[in-house]
Amino acid sequence: MVFDPSTATGTAVVTGASSGIGAVYARGLAEHGRRLVLVARRAGRLEDLAARLRAETPAAVETLTADLGREEDLARVAERVAAPDVDLLVNNAGINGYGPFARTEPELLARVLAVNVVALTTLTRAAVPGMLERGRGAVVNVASLLAFAGSLPPDPLPHRAVYGGTKGYVVTFTRTLAAELAGTPVTVQVLCPGLTATEFHLTRGAESVPGHEERVHDEGGMPAEDVVAASLAALRSGEVVCVPGLTEPEALDRLRAAELAIREGSGPRLAPRHAAPER
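Now for a quick tour of the structure.

### A look at the overall build of the protein chain
Counting its regular elements, the protein chain contains seven helices and nine strands. Looking at the 279 residues of the protein chain, the share that counts as buried comes to 47%. Carbon and sulfur atoms make up 56% of the accessible area of the protein chain, which totals about 13,900 Å².

Structure representation (structure tokens):
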């Protein structure tokens, strides 16, 4: 099933919308006159963006200040996501918690799990039942190319055991959910950008990047506009896994083939769908 965000008539919810990829999603959707709900923990940045979009585009923009690592805030956002007007959810919010695993604060690692895994899953679960009932909708889950970098050591890559694990979850969760929803009117996509020119690397996530002006980390990377353009194009074509800038699309076919070979070549086969449990 494909989903065209430029012609859809419902409300789009974008998390992590105050800067970077989330802000670019917001602008791209606003230019098509979409109704938007923008979610982020930086109220000032969020209101500044909403004011610009209202002034420069035909979009109706609602803001929802929330920290998705907090249960009460997540519950408020989930309630809004489940509303009957929502036909697109972009789960973009995320933090990195970079650092050597044995030396990184446990509280920060717990926060990475809460935002990158628990919040994303909770909001997807809030969105999908209503979308199925209404016969339309899409969910985009933003992962990372680091989801595929588990065996690579740090330097020049960051220390990222928990972050990479959470993004690996997002990839597997989304691909598996896409298979479950095949043939339904709901589209799901996992976006796996590489290094992107945003402020993401300026903080590990315990605190937000301060100030009202958006910045870009020194490492540079692909423009966020190109990342979002690739995602929106992939929604229209029905691609489940979107890797912006991938020069060899056949690599994803080889990944699927390798997974099949591992499953079929390792021990007992998976039980048939309706097989009785082993005793």
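### Quick look at the sheet that holds strand 9 (residues 241-242)
Read across the open sheet, the seven strands follow the order 3-2-1-4-5-6-9; overall the sheet is parallel. Unpaired on one side and paired on the other, strand 3 (60-65) and strand 9 mark the two borders of the sheet. Pairing between strand 4 (residues 86-91) and strand 5 (residues 137-142): four bridges, direction parallel. Pairing of Leu89 across the sheet is with Val139, part of strand 5. Where helix 1 (residues 20-30) meets the sheet, its contacts fall on strand 1 (11-15), strand 2 (35-40), strand 4, strand 5 and strand 6 (186-191), and the angle it forms with strand 1 comes to roughly 165°. Its contacts with the sheet place helix 4 (residues 106-134) against strand 1, strand 4, strand 5 and strand 6, and it is angled at close to 160° to strand 4.

### Focus on the side chain of Arg34
With respect to the helices, strands and loops of the structure, Arg34 is situated in the loop between helix 1 and strand 2. A distance of 2.5 Å separates polar atoms of two side chains, one belonging to Arg34 and the other to Asp87. The contact partners of Arg34, leaving out residues within four places of it in the chain, are Phe3, Pro5, Ala8, Gly10, Thr11, Ala12, Leu29, Ala59, Ala60, Asp87 and Leu88.

### Points about the nonpolar core
Judged by nonpolar contacts, the single largest core of 41 residues is most densely connected at Val77, Val81 and Leu123. Mapped onto this core, the elements with two or more residues apiece are strand 2, helix 3 (71-81), strand 4, helix 4, helix 5 (161-180) and strand 6. Ranked by residues supplied to this core, first place goes to helix 4 with ten residues. Look past the residues within four positions of Val77 in its chain and what remains in contact with it is Val39, Leu64, Ala66, Leu68 and Leu123.

### Some points on the pairing of strand 5
Regular strands have side chains that alternate between both faces of the sheet. Counting buried residues along strand 5, six of its six residues qualify, which places the element largely inside the surrounding structure. Going residue by residue along strand 5, you find Gly137, Val139 and Asn141 tucked away on one face and Ala138, Val140 and Val142 tucked away on the opposite face as well. With respect to chirality, the unit in which strand 4 leads through helix 4 into the neighbouring parallel strand 5 is right-handed. Alignment of strand 5 against strand 6, held across six bridges, turns out to be parallel. Of the residues in strand 6, the one forming a bridge with Ala138 is Thr187. With helix 5 bridging strand 5 and its parallel neighbour strand 6, the resulting β-α-β unit is right-handed.

So, how was this worked out
Residues numbered from 1 in each chain as written. Predicted model: local features only at pLDDT ≥ 70, side-chain atom pairs only at ≥ 80, totals over all residues. Heavy atoms only, no water. Helix = DSSP H or I, 4+ residues; strand = E, 2+ residues; numbered from the N terminus. Buried < 20%, exposed > 50% of the residue type's maximum accessible area, 1.4 Å probe, protein only. Areas by Shrake-Rupley, 256 points an atom, 1.4 Å probe, with all protein chains shown as cover. Pairing = 2+ DSSP bridges. Contact = heavy atoms within 4.5 Å. Axes fitted to C-alpha atoms, helices over the stretch in contact; angles between N-to-C directions. Polar contact = N/O pair within 3.5 Å; in protein donor to acceptor, adjacent residues only side chain to side chain. Core = buried A, V, L, I, M, F, W, Y, C linked by side-chain atoms within 4.5 Å. Right-handed = clockwise from strand over helix to strand, strands pointing away.

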